[in-house]
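Below, each chain spelled out in residue letters.
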Amino acid sequence: MTGSADTGVPVTGIAETDRVRLAPGVMLRHDRLRGQWMLMAPERLLVLDELALAVVRASTGAETGEVAAAIDRLAAEYDAPREEIAADVLELLTDLRNKGYLVT
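This section reports on the structure supplied with the text.

What counts, and where the lines are drawn
- Residues numbered from 1 in each chain as written.
- Predicted model: local features only at pLDDT ≥ 70, side-chain atom pairs only at ≥ 80, totals over all residues.
- Heavy atoms only, no water.
- Core = buried A, V, L, I, M, F, W, Y, C linked by side-chain atoms within 4.5 Å.
- Buried < 20%, exposed > 50% of the residue type's maximum accessible area, 1.4 Å probe, protein only.
- Helix = DSSP H or I, 4+ residues; strand = E, 2+ residues; numbered from the N terminus.
- Contact = heavy atoms within 4.5 Å.
- Phe/Tyr/Trp six-rings, centres within 6.5 Å; stacked < 30°, edge-to-face > 60°.
- Lys NZ or Arg CZ within 6 Å of the ring centre and 35° of its normal.
- Pairing = 2+ DSSP bridges.

## Points about the nonpolar core
And step 1. Counting residues in each nonpolar core, the largest one holds 27 residues, and the members touching the most others are Leu-39, Leu-48, Val-67, Ile-71, Leu-74, Val-89 and Leu-93.
And step 2. When contributions to this core are tallied by element, the ones reaching two or more residues are strand 3 (36–41), helix 1 (50–60), helix 2 (67–77) and helix 3 (82–98).
And step 3. Ignoring any residue separated from it by four or fewer positions in sequence, one finds Leu-74 in contact with Ala-54, Val-55, Ala-58, Ile-85 and Val-89.

## Description of the packing of aromatic side chains
And step 1. Tallying each qualifying case throughout the model produces 0 aromatic pairs.
And step 2. The ring centre of Tyr-101 lies 4.6 Å from the NZ or CZ of Arg-44, which sits over that ring.

## A short note on the pairing of strand 2 (residues 27–31)
And step 1. Sheet analysis places strand 2 next to strand 3, joined by 5 bridges and oriented antiparallel. The partner of Leu-28 across the bridge, within strand 3, is Leu-39.
And step 2. Turn length for the strand 2-strand 3 hairpin, with the two strands adjacent in sequence and antiparallel, is 4 residues, and the turn residue Gly-35 shows positive phi of about 65°.

The analysis is restricted to geometry; functional conclusions fall outside its scope.
As structure tokens, this is what we get:
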């Protein structure tokens, strides 16, 4: 597989059986002044919208197991079809992993 131009991380997709966590040096922080949540990494940051924040929290929390458990939790919380939630979650997590904010 080829790697991302920025990180050298493989560009394969995240699977429901994967476990994800924040990459070393990455922190989830709240900017009280701006009222925004963000992923902070050395020399960069990514502002998260409400849904991205929910996905990151559900997928990387201490009680979280596989990505599938996070998808189940989000589908129930948002009362949405699991298939749609799964597609969106897997796409977002893959993007965040390929940008170096998450690791599997």
